[in-house]
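# Examination of the molecular architecture
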Amino acid sequence: MQQENKMGVMPVNRLIITMSLPMIVSMLVTALYNVVDSVFVARISENALTAVSISFPIQNLMIAISTGTGVGINALLAMNLGRKDFKAVGLVASNGLFLAACSSVIFIVFGLFFTPLYFRSLTTDPEIIQHGCDYLKICSVLCFGLFLQITNDRVLQATGKTIYTMYTQGLGAIINIILDPILIFGLLGFPALGVAGAAWATVIGQIAGMFLSVFFNVTKNHEVKLEIKTFRPHWSTIKSIYAIGVPSIIMASIISVMTFGMNKILMGFTATATAVFGVYSKLMGFVFMPVFGLNNGMIPIISYNYGAQNRLRIKKTITLCAIYATAIMVVGFAIFQIFPQVLLSFFNASEEMMLLGMSALRIISFSFLLAGYSIVSGSVFQALGKGVLSMNVSLIRQLVVLLPLAWIFSRTGNLSLVWLSFPLSDLAAAITCTIFLRGIYQKEIAPLPEGNPV
């Protein structure tokens, strides 16, 4: 029996934990190094922190394209494994790596030629522009490590080998954390590179993680056969990857659009408000990353059992993951409500930043109470090849509700109302998810055979 068949026979609760726990751990480490980056950069100046915060939409766009494509790769691999179509498995993996390489070229060009234009579109402050260009140019030009690591990790996840993705992401994060103070402040004989040092620490960690992920796929992932030497793009496979992946790419890219728009709105108040939003974006990773790790474990389970026609295992997987995600979010909500001052103190917050930040963290964190359910619902849509539904939910949340509300509230001059747009938009998203989930269950899941006991 193939090892990946555990997705069809292992008790669901144990399977979810087995599949998700390594990714939850690795994503928590990733969230940690994202925060550490900003913690050290904040020691340079608040403008340096603002510059890194403004860089986030482009960095998120890289992650959106790589992980969105990875969703298509992951779901197709798992479905074909469930059908025992191993030739299709090899085609999906090989073409996925080809797409990752092509995507990285786009951001290399951006980093070389368009970074200053991007920052000048948001601010006229020369210090913020200089810090931002120093940071983002390095992250963009050397982004191939990010793209190829994420793609290789998705191949490992789809075959049930999630433990190895914990090692790859953990290695990259640890290297980043170690190099951050050394390269930023010039320790151990290295030159002090400032904000550029944070960028170098990031890309070196990503490249190291990429090499380890490739090693694991070559030596441990025998279910997937890559034909690199004889590779030719297989356009029908690429089309199938993007049929699932493009809605996920758009969905994740919407976050970049929202963040860009929110930064424009907040810069109308003060650069400090933009820095606060950047800090929130980093801190929320500790809450959201475990849920994303849970979902990364859930997607191949649902996809595999959908391919294997097993309704009971799909239903139980969805129910348990929704419960776990909501529990994680409730814990995060409590931390943001009780300890906002402690969280902000890690970023060398000024008196103004502390005052604005405590209010922001407490108001925005109300959105956590509904976000876990919405994230799980969106991942169910992706796992069943209905990524366009996830895209629609994200469009409604980020662009139809959040940004317009934030802009309307900003006209009042009351910054607290701008933060309130976050929980209101998550309420709209949760309602939309309920409508979509009910429809897809009745159409796609309910007609399946019960399958083996769960």
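Reading the values: the criteria
Residues numbered from 1 in each chain as written. Predicted model: local features only at pLDDT ≥ 70, side-chain atom pairs only at ≥ 80, totals over all residues. Heavy atoms only, no water. Axes fitted to C-alpha atoms, helices over the stretch in contact; angles between N-to-C directions. Helix = DSSP H or I, 4+ residues; strand = E, 2+ residues; numbered from the N terminus. Parallel < 35°, antiparallel > 145°, perpendicular 65-115°, else oblique. Left-handed = near helix turned anticlockwise from the far one by under 90°. Contact = heavy atoms within 4.5 Å. Nonpolar A, V, L, I, M, F, W, Y, C, P; charged D, E, K, R; others polar. Patch = residues over 30% accessible without salt bridge, like charges linked within 9 Å, V, L, I, M, F, W, Y side chains within 5 Å. Areas by Shrake-Rupley, 256 points an atom, 1.4 Å probe, with all protein chains shown as cover. Salt bridge = Lys/Arg side-chain N within 4 Å of Asp/Glu carboxyl O. Buried < 20%, exposed > 50% of the residue type's maximum accessible area, 1.4 Å probe, protein only. Phe/Tyr/Trp six-rings, centres within 6.5 Å; stacked < 30°, edge-to-face > 60°. Expected span 1.5 Å × (residues − 1).

Between helix α2 (residues 12-42) and helix α9 (residues 195-220), whose axes approach to 9 Å, the crossing angle comes to 165 degrees. Considered as vectors, α2 and α9 are oriented roughly antiparallel to each other. Note that α2 runs across α9; the crossing there is right-handed. Residues Y33, D37 and V41 of α2 pack against V195, A198, T202 and Q206 of α9. A breakdown of the residues in the contact of α2 with α9 according to their chemical character gives 4 nonpolar, 2 polar and 1 charged.

Turning our attention to a nonpolar patch on the surface. Taken together, V105, V109, L112, F113, F114 and L117 make up a surface patch of nonpolar side chains, about 580 Å² in accessible area. Tallying contributions element by element places helix α4 (residues 86-113) first for the nonpolar patch, with 4 residues. The topology assignment puts L112 in helix α4. A relative accessible area of 45% places L112 in the partly exposed class.

For S256, the position within the fold is in helix α10 (residues 235-267). Aside from chain neighbours lying at most four places away, what touches S256 is P57, N60 and L61.

In this section: the packing of aromatic side chains. Applying the stated rule across the entire model yields 18 aromatic pairs. For the ring pair Y118 and F119, a centre distance of 5.2 Å and an interplane angle of 80 degrees mean the geometry is edge-to-face. Taken individually, Y118 and F119 each receive the classification buried, so the pair is uniform in this respect. Centre to centre, the rings of F333 and F366 are 5.0 Å apart; their planes meet at 65 degrees, and the pair counts as edge-to-face. Placement of F333 in helix α13 (residues 311-338) and of F366 in the loop between α15 (351-364) and α16 (368-383) is noted, with a sequence separation of 33 residues between them. By relative accessible area, which is 17% here, F333 ends up buried. An aromatic cluster is defined as three or more aromatic residues linked by ring pairs; in this entry it consists of F277, Y280, F288, F292, F336, F368 and F422.

This next bit is on α15. Helix length check: α15 (14 residues) gives 20 Å between terminal C-alpha atoms against 20 Å at 1.5 Å per residue, within 8%. For α15, the complete set of buried residues consists of M353, M354, G357, A360, L361 and I364. In the core, the buried residues of α15 are packed alongside α3 (46-82), α11 (271-283), α13, α14 (340-345), α16 and α18 (415-445).

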